[in-house]
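Here is what each chain is made of, one letter per residue.
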Amino acid sequence: MDPGAGAFSEEQFREACAELQRPALSGAAWELLVETQGISVYRLLDQQTGLYAYKVFGVLEDCLPDLLADVYMDLAYRKQWDQYVKELYEKECSGETVVYWQVKYPFPMSNRDYVYVRQRQELDFEGQKVHVILAQNTSEPQFPEKSGVIRVKHYKQRLAIQSDGKKGSKVFMYYFDNPGGQIPSWVINWAAKNGVPNFLKDMVKACQNYKKT
């Protein structure tokens, strides 16, 4: 199995925490894609794949960091509020907790699925608690590929959350995946410009309803 949750280094957690404090957008061709609802989305072209990596910075109001991190980690609850989830669950494999996630794609495109590991840590930055969650794809024979569903083999995400000093959360997210197959560029652009901000907006709403269900 490669790579397991143990593959996340302390340095990777510290890097995500540091970028929440000071965005690392210089030295590479990061371009601002959209600013909306207090969220800025940047993208960087990956020359090898022709796909984009994304960085997201912003503040989610009325959603405290501890709650936001808990909601993000709660897969059972996500199935209730994320309309694009087809299937989502955790399973113990070779001593690691592995996540299976199938995402609904609009007709006539095939759904995509992910097999990945994730890990959460709480770090201290100048006396402030910072939640950092790392995730990346893994290979695990207990999750064979399904007919009619395209397996995403390259997926990486970093999320860092801390208080905005009020009742909200300051957030940094890095995201890259290679969805495979033939996806029209307009779909990819729509997902980046609208999907990410809308996902965060939905997550704030989910925070407000958490534990009420």
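Quick note: structure is the one above.
Thresholds applied
- Residues numbered from 1 in each chain as written.
- Predicted model: local features only at pLDDT ≥ 70, side-chain atom pairs only at ≥ 80, totals over all residues.
- Heavy atoms only, no water.
- Helix = DSSP H or I, 4+ residues; strand = E, 2+ residues; numbered from the N terminus.
- Rg over C-alpha atoms; globule rule 2.2 N^0.38 Å.
- Buried < 20%, exposed > 50% of the residue type's maximum accessible area, 1.4 Å probe, protein only.
- Contact = heavy atoms within 4.5 Å.
- Areas by Shrake-Rupley, 256 points an atom, 1.4 Å probe, with all protein chains shown as cover.
- Lys, Arg positive; Asp, Glu negative; His and termini not counted.
- Charge placed at Lys NZ, Arg CZ, Asp CG, Glu CD.
- Phe/Tyr/Trp six-rings, centres within 6.5 Å; stacked < 30°, edge-to-face > 60°.
- Salt bridge = Lys/Arg side-chain N within 4 Å of Asp/Glu carboxyl O.
- Polar contact = N/O pair within 3.5 Å; in protein donor to acceptor, adjacent residues only side chain to side chain.
- Pairing = 2+ DSSP bridges.

## Remarks on the overall build of the chain
The secondary structure content of the chain amounts to four helices and 10 strands. Here the C-alpha radius of gyration of the chain, 17 Å, is about what a compact globule of 213 residues would show, namely 17 Å. The buried share among the 213 residues of the chain stands at 46%. By sequence separation, contacts in the chain at least 24 residues apart represent 59% of the contacts at least 6 residues apart. In the structure as shown, the chain presents an accessible area of about 11,300 Å², 49% of it carried by carbon and sulfur atoms. Within the chain, the 27 negative side-chain charges are centred at a point lying 5 Å from the centre of the 26 positive side-chain charges.

## Regarding the environment of G148
Within the element layout of this structure, G148 appears in the loop between β7 (128–137) and β8 (149–151). Sequence separation between G148 and C17 is 131 residues, and the spatial gap between their C-alpha atoms is 38 Å. Discounting residues that sit within four places of it in the chain, G148 has contacts with S110 and N111.

## Digging into the packing of aromatic side chains
For the structure shown, the criterion picks out 14 aromatic pairs. Arranged with centres 5.5 Å apart and planes meeting at 35 degrees, the rings of Y89 and Y100 form a pair that is tilted. Residue Y89 is located in strand β4 (residues 85–93), and its partner Y100 is located in strand β5 (residues 96–103); the two are separated by 11 residues in the primary sequence. Exposure remark for Y89: the relative accessible area of 31% places this residue in the partly exposed category. Among the aromatic side chains, those forming a connected cluster through ring pairs are W101, Y114, Y116, Y155 and Y175.

## So, the pattern of salt bridges
Considering all chains together, one arrives at 10 salt bridges under this definition. In this structure, E90 and R118 form a salt bridge, with 3.1 Å as the shortest nitrogen-oxygen distance. On the criterion of sequence distance, the pair formed by E90 in strand β4 and R118 in strand β6 (residues 111–125) is long-range, its members being 28 residues apart. Exposure remark for E90: the relative accessible area of 43% places this residue in the partly exposed category. Of the residues examined, R118 reaches a relative accessible area of 12% and is grouped as buried.

## Topic: the environment of E10
With respect to the helices and strands, the residue E10 is situated in helix α1 (residues 10–21). Considering only alpha carbons, one finds E10 and V132, 122 residues apart in sequence, at a separation of 11 Å. Separated by 3.1 Å, the side chains of E10 and Q121 make a polar contact.

## Describing the pairing of strand β9 (residues 155–163)
When a strand is regular, its side chains alternate between the sheet's two faces. Counting buried residues in β9 gives seven out of nine residues, a clear majority hidden from the surface. Sheet analysis places β7 next to β9, joined by six bridges and oriented antiparallel. Opposite L134, over in β9, you have R158 as the bridge partner. The pairing of β9 with strand β10 (residues 169–177) spans nine bridges and is antiparallel. Counterpart to K156 in the pairing with β10 is F176. Where β9 folds back on β10, the antiparallel hairpin that results is connected by five residues, among which G165 adopts a positive phi of roughly 90 degrees.

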